[in-house]
Amino acid sequence: MKSKILVLVTAVVFIGMGVFVIWGNDTSTTFDDRPSIEDQPTLGDETAPVSVVEFGDYKCPACKSWGETVFPLLEETYLNSSDDVSFTYINTLFHGEESELAALASESVWEENPDSFWTFHKTIFDNQPDQQNHDERWITSESLGDMAGSLENGPDAEQVVEDVENGTFADEVETDQNVVQEYDIELTPSIMVNGTLLEDPFDWEELNAEIEEALEDDS
Ligand code: CA
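Counting starts from 1 at the beginning of each chain's written sequence and moves along it residue by residue. Totals for whole chains, interfaces and linings use all residues, but because this is a predicted model, local features are given only for residues with pLDDT of at least 70 and pairs of side-chain atoms are given and counted only at 80 or more. As a rule here, side-chain values come from all non-hydrogen atoms in the structure, and water together with hydrogens is ignored.

Asker: I'd love a proper account of the pairing of strand β5 (residues 190-193), names of residues and values included.
Answerer: Regular strands place side chains that alternate from one sheet face to the opposite one. Along β5, one buried face is formed by Ser190 and Met192 and the opposite face, lined by Ile191 and Val193, is buried too. Here, any two strands with at least 2 DSSP bridges between them count as paired. Every helix listed is a DSSP run of H or I at least four residues long, and every strand listed is a run of E at least two residues long, numbered separately from the N terminus. Where β5 meets strand β6 (residues 196-197), two bridges bridge the pair, whose relative direction is antiparallel. Following the sheet pairing, valine 193 is matched in β6 by threonine 196. When accessible area is computed with a 1.4 Å probe and restricted to protein chains, residues below 20% of their type maximum are described as buried, those above 50% as exposed, and intermediate ones as partly exposed.

Asker: A description of the packing of helix α4 (residues 97-112) against helix α5 (residues 117-127) should follow, citing residues and the corresponding values.
Answerer: The N-to-C vectors of α4 and α5 enclose an angle of 160°; their axes lie 9 Å apart at closest approach. With respect to each other, α4 and α5 are oriented roughly antiparallel. Seen along the crossing, α4 lies across α5 with a hand that is right-handed. Counted together, Ala102, Ala105, Ser106, Val109 and Trp110 of α4 and Phe117, Phe120 and Ile124 of α5 form the full contact between these two elements. Any residue that is not Ala, Val, Leu, Ile, Met, Phe, Trp, Tyr, Cys, Pro, Asp, Glu, Lys or Arg is counted as polar, Gly included; the first ten are nonpolar and the last four charged. Looking at the contact of α4 with α5, its residues break down into seven nonpolar, one polar and no charged. Here the axes come from fitting lines to C-alpha atoms, over the contacting stretch only for helices, and the angles between their N-to-C directions go from 0 to 180 degrees. For classification purposes, an angle smaller than 35 degrees is called roughly parallel, one larger than 145 roughly antiparallel, one from 65 to 115 roughly perpendicular, and anything else oblique. Should the near helix be turned anticlockwise from the far one by less than a right angle, the crossing is left-handed, and should it be turned clockwise, the crossing is right-handed. It only takes one pair of heavy atoms within 4.5 Å for two residues to be counted as in contact.

Asker: I'd love a proper account of the coordination of the calcium ion, names of residues and values included.
Answerer: Ligation of the calcium ion by protein atoms is provided by Gln40 (OE1), Glu107 (OE), Asp176 (OD) and Asp176 (OD), these donors lying 2.3 to 2.6 Å from the ion. Only N, O and S atoms count as donors, using a 2.8 Å limit from the metal and a wider 3.2 Å limit for Na, K and Ca, and since water is excluded some coordination spheres may look unfilled. Counting residues between consecutive donors of the calcium ion along the chain gives the motif Q-x66-E-x68-D. Of this pair, glutamine 40 sits in the loop between β1 (29-30) and β2 (42-43) while glutamate 107 sits in helix α4, placing them 67 residues apart in sequence. Across the pair, exposure class does not vary: glutamine 40 and glutamate 107 are buried alike.

Asker: Mind laying out the side chain of serine 51, listing which residues take part and the relevant values?
Answerer: Position of serine 51 among the secondary structure elements: in strand β3 (residues 50-56). Beyond its immediate sequence surroundings of up to four residues, serine 51 is in contact with Arg34, Ile37, Ser86, Met192, Val193 and Asn194.

Asker: Any chance you could break down the sheet that holds β6 for me, citing the residues and the numbers?
Answerer: Reading across from one edge, β1-β6-β5-β3-β4-β2 is the order of the six strands in this open sheet, with mixed pairing throughout. The sheet is open, and its two borders are formed by β1 and β2, each paired with just one other strand. One ladder, built from two bridges, connects β1 with β6; its direction is antiparallel. Among the inter-strand pairings, threonine 30 is bridged to a residue of β6, identified as threonine 196. Its contacts with the sheet place helix α8 (residues 170-182) against β3 and β4 (85-91), and it is angled at close to 105° to β4.

Asker: Account for α8, naming residues and giving values.
Answerer: Each residue after the first adds 1.5 Å to the expected span of a helix. Over its 13 residues, α8 runs 18 Å from end to end, which matches the ideal 18 Å to within 8%, given 1.5 Å per residue. Looking at the buried positions of α8, the neighbouring elements they touch are β3, β4 and α4. At the exit of α8 stands aspartate 184, carrying a positive phi of roughly 50°.

Take a look at the structure:
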């Protein structure tokens, strides 16, 4: 009896491992075209052969974490040293009104003061409360204005508040949502390398390998 149970348990464990391996090997999704990065905030050369696109949401804790863990590797390995790789951020609104307000502010800064875009971008994520408190309301037009105002040579805080409250760049936010739909983005962050949507945005090895493959395809 005992050995039968052992066999059964072993079988269940192996089946379980099998399922896990199949999941683990799930391939990334490839589209015919890469997302358009025209008029989108981009680090590096917009015409670089390899474009890395993040679909992100300022209200999303995983996006803050991606920016703190994976992005620095991307920056160090490619963005600082290669003209062949670019990085673009596209607003993805998965957390309601606060996501939208932050997106409006980021589009405002991108239009009105593009040189301070990436500092402002990072500052919003830096202001995100820790995991435990991330549901609390922390994004308002005023708080976004304060974030802008806190930066040296940063964006005009009053302009940011005004643009957020008037929805001045609502069309730009909508453009981003159209791209989100076009590529069936369901999670944030989602990372694409040219036309390939990565299975796991936090897997640096996978991201690195996709970039290398795309560079090779280009050469
Ligand atoms: Ca945008």
